[in-house]
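The residues making up each chain are set out below.
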Amino acid sequence: GAGVSQTPSNKVTEKGKYVELRCDPISGHTALYWYRQSLGQGPEFLIYFQGTGAADDSGLPNDRFFAVRPEGSVSTLKIQRTERGDSAVYLCASSQGGGLTGEETQYFGPGTRLLVL
Amino acid sequence: LAKTTQPISMDSYEGQEVNITCSHNNIATNDYITWYQQFPSQGPRFIIQGYKTKVTNEVASLFIPADRKSSTLSLPRVSLSDTAVYYCLVGLRNDYKLSFGAGTTVTVRA
């Protein structure tokens, strides 16, 4: 359990379905970040947790996206009524401290590849 | 949302030095500059971080001019395994968003 893990590694779903993506951060890391990465693009910030609370969710594209981190460790990104445009790699990262200044080194998981048909 | 700008791609040969410059005109006073490396089907991996002047570690150097509006990642003596996408990340305190650039695809040839 040395690194950040994400499950599932791949997810194929149909338009309109609900999906949950899970992230297990490095033990002891208080900050957790979700990003979305489309093909050929850099990671796009979605949401940042400090402990159990979402310190910044301004990157979530709309109200179909929601994320939780109830115990300050594992986080789940939830997408309702999926659309084809949601297809992307969803990356999770954790850092020891927190913040959005970029000072804290982020450790990324391998991502979940979501395909919405 | 402030942006970072990097070249889209760079080609090099084994043993050469590769320098990638990132522009970040809107960087805030206390923000750091971090570079990440990403291989296909993997998440980004930390390479180096700096605030000002020069930082060097075992894999790279980072040069930051006094105005901090840009930074240059230097990879000495690259090998085939350095072929990857390199991202410049600037934390933006005033915007509270983490801005990855579009990345620079570095291709190292034998």
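What counts and what doesn't
Residues numbered from 1 in each chain as written. Chains lettered and ligands numbered in written order. Predicted model: local features only at pLDDT ≥ 70, side-chain atom pairs only at ≥ 80, totals over all residues. Heavy atoms only, no water. Helix = DSSP H or I, 4+ residues; strand = E, 2+ residues; numbered from the N terminus. Rg over C-alpha atoms; globule rule 2.2 N^0.38 Å. Buried < 20%, exposed > 50% of the residue type's maximum accessible area, 1.4 Å probe, protein only. Contact = heavy atoms within 4.5 Å. Pairing = 2+ DSSP bridges. Axes fitted to C-alpha atoms, helices over the stretch in contact; angles between N-to-C directions.

### So, the overall build of chain B
Working step 1: The secondary structure content of chain B amounts to zero helices and ten strands.
Working step 2: Mapped in sequence order, the helices and strands of chain B form the string β-β-β-β-β-β-β-β-β-β.
Working step 3: Radius of gyration (C-alpha) of chain B: 13 Å, near the 13 Å computed for a compact globule of 110 residues.
Working step 4: Summarising its shape, the C-alpha atoms of chain B cover approximately 45 × 30 × 20 Å along the three principal directions.
Working step 5: Out of the 110 residues in chain B, the part that is buried amounts to 45%.
Working step 6: In chain B, of all internal contacts separated by at least 6 residues, the share reaching a separation of at least 24 is 55%.

### Side note on unusual backbone geometry
Where the residue is not glycine, phi is negative for most of them; where a peptide bond is considered, it is trans in most cases.
All names here are of chain A.
Working step 1: Residue P8 follows T7 across a cis peptide bond; omega there is -10 degrees.
Working step 2: With respect to the secondary-structure elements, P8 resides in the loop between strand 1 (5–7) and strand 2 (10–13).
Working step 3: If you check the backbone angles, R81 has positive phi at about 45 degrees while not being a glycine.
Working step 4: Mapped onto the secondary structure, R81 falls in the loop between strand 8 (75–79) and strand 9 (88–95).
Working step 5: Relative accessible area serves as the criterion here: at 46%, R81 is assigned to the partly exposed category.

### Description of the sheet that holds strand 8 of chain A
Residue and element names in this part refer to chain A.
Working step 1: Read across the sheet, four strands follow the order 1-3-8-7 without closing on themselves; strand pairing throughout is antiparallel. In this open sheet, the two edge strands, each paired with only one partner strand, are strand 1 and strand 7 (65–68). Ignoring which end each strand starts from, the neighbouring axes of this sheet average 15 degrees apart.
Working step 2: Where strand 7 meets strand 8, four bridges bridge the pair, whose relative direction is antiparallel. Looking at the pairing, F65 lines up with I79 of strand 8.

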